[in-house]
Amino acid sequence: MLLVMIALGGATRLTGSGLSIMEWRPVTGIIPPLTHAQWEHEFALYQTIPQYRILHDGFGLAGFQRIFWLEWIHRFCGRLIGLMLFVPLLVFSLNGTIGTRLAIRLALLFVLGGLQGGIGWFMVASGFDPDSTRVEPVRLVLHLCFAFSLYAAILWTALGVRTPRPAGLDAGRGVAWTRGLAIASAVLIALAIVAGGFTAGTHAGFTYNTYPDMDGHLLPPHYARLVPFWRNLVENLGTVQFDHRALASLSVVAVALTLLVGLRSTLHKPARDALMLLGWGVLAQYALGVTTLLLVVPVWAGTLHQTFAAVLLTLLIVLLHRLRRPAAF
């Protein structure tokens, strides 16, 4: 369900649907407009923000309904995920099916899921500012990173429940190196996801749509033109896209090294299988990124690229879980 939410979030962003619902109603918002008057009310609210005047002026109620439904489904799925976690958690806690430690962890994840909804509104509200047609990139990255962090935490918890005790790993040659390289790959992939968030938030993917060069340049022109320098990392379109490219390429190299060392080591079959899948996964994600760039970010490609980032993260977490030391959960 979280994977679907991540995919919906990408589609919502790429279609400009995220600002179509002007009110944050965590409970009553589950009911969409049911009458023509209610639809007119929602549309009238949307017409007050800059995105409508600048990008969608005159697209009518039917056009508004198309973007409204995508955003409503995105929010509805968020509520449904919360319900799907809370109700079983309550039942299993009361009848003693799960232990206290797991119950506390799941309750914390439920609270963090609610916080993610608040962060989502914090992000959306930034798009209502004067002369703004999109949300602030920093807030979008915060929302995206929190979603991926929740996904990783829930997946790691599920894997721990499924396999409470790690399979014995030979402490011999290559195992420690493989684990270290897998962790380094995780750091690089996480940074690439953050950079991808800034690429999406600033619309940097719509510039420099050539590969492997950037419109004939190795580095984009004016890479460090903004002062202080850190602003280039989040505002300069060429810098933002280049950093995402560089981190993605480094991730491929790191995973390749992990494969090279891991397949020559004494890993057990489950870890070797996870490692092979990670190798194929990082190549597929890299190819999706290049395709998205060359096609100038069509909705389907951008959505698939964001979704497969979560798939790649899944493969990486499975590998790390199978490589974990006996003391880990």
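Preceding this paragraph is the structure being described.
Summary of the structure given here. (Residues numbered from 1 in each chain as written. Predicted model: local features only at pLDDT ≥ 70, side-chain atom pairs only at ≥ 80, totals over all residues. Heavy atoms only, no water.)

### Here we look at helix α9 (residues 237-263)
This is how it is decided: Secondary structure elements are taken from DSSP: a helix is a run of H or I of four residues or more, a strand is a run of E of two residues or more, and numbering for both begins at the N terminus. What a helix is expected to span follows from its residue count: subtract one and scale by 1.5 Å. Nitrogen and oxygen atoms within 3.5 Å of one another constitute a polar contact, given that in protein one can donate a hydrogen and the other can accept it, and given that sequence-neighbouring residues count only through two side-chain atoms.
Taking 1.5 Å of rise per residue, 27 residues should cover 39 Å, and α9 covers 39 Å from first to last C-alpha, within 8% of that figure. The distance from a side-chain oxygen at the start of α9 to the backbone nitrogen of Gly238 is 3.2 Å, and the residue carrying that oxygen is Asn236.

### Notes on a nonpolar patch on the surface
Convention followed: For patch building, the residue pool is restricted to those with more than 30% relative accessible area and no salt bridge; the joining distance is 9 Å between like charges and 5 Å between nonpolar side chains (Val, Leu, Ile, Met, Phe, Trp, Tyr). We get accessible surface area from the Shrake-Rupley algorithm with a probe of 1.4 Å; when it comes to residues, only the shown protein chains can shield them. Each reported salt bridge corresponds to a side-chain nitrogen of Lys or Arg within 4 Å of a carboxyl oxygen of Asp or Glu.
Side chains of Met1, Leu80, Leu83, Met84, Phe86, Val87, Leu90, Val91, Phe92, Leu94, Phe110 and Val111 sit close together on the surface and give an oily, nonpolar patch of about 1,100 Å² of accessible area. Of all the secondary-structure elements, those providing two or more residues to the nonpolar patch are α4 (60-94) and α5 (100-125). At 9 residues, α4 tops the list of elements feeding residues into the nonpolar patch. Relative to the helices and strands, Leu80 is located in helix α4.

### Some details on empty space enclosed by the protein
Test applied: The method works on a 1 Å grid over the protein atoms by themselves. A cavity is a set of points holding a 1.4 Å probe that cannot get out, a pocket is an open set with protein on both sides within 12 Å along at least five of seven lines, and residues with an atom within 4 Å of a point line them. Grid points are joined across faces, edges and corners, and a volume is the space filled by probe spheres set on the points.
For the coordinates displayed, the defined rule picks out 2 cavities of 30 Å³ or more. Looking at the largest cavity, its volume works out to about 690 Å³. At the level of elements, α1 (2-14), α6 (137-162), α7 (175-201), α9, α10 (269-294) and α11 (299-322) are the ones that each hand at least two residues to the lining of the largest cavity. Roughly 80 Å³ of internal volume is contained in the second largest cavity. In terms of lining residues, the second largest cavity is bounded by Ile21, Glu23, Arg25, Gly29, Ile31, Pro32, Pro33, Glu42, Phe68, Trp72, Arg75 and Arg79.

### So, the pattern of salt bridges
We apply this condition: Partly exposed describes any residue whose relative accessible area lies between the buried limit of under 20% and the exposed limit of over 50%, with all areas from a 1.4 Å probe on protein chains only and scaled to the type maximum.
Summed over all chains, the structure comprises 6 salt bridges. Its salt-bridge partner being Arg75, residue Glu71 comes within 2.7 Å of it at the nearest N-O pair. With Glu71 and Arg75 both in helix α4 and 4 residues apart, this pair spans about one turn of that helix. Judged by relative accessible area, Glu71 falls into the buried class, the value being 4%. Residue Arg75 is classed as buried on the basis of its relative accessible area, which comes to 15%. Among the salt bridges present, the one from Glu136 reaches Arg139, with a minimum N-O distance of 3.3 Å. Take Glu136: its relative accessible area is 33%, and that puts it in the partly exposed class. One network of salt bridges, in which partners are shared, links Glu23, Arg25 and Glu42.

What is shown is where atoms sit, not what they do.
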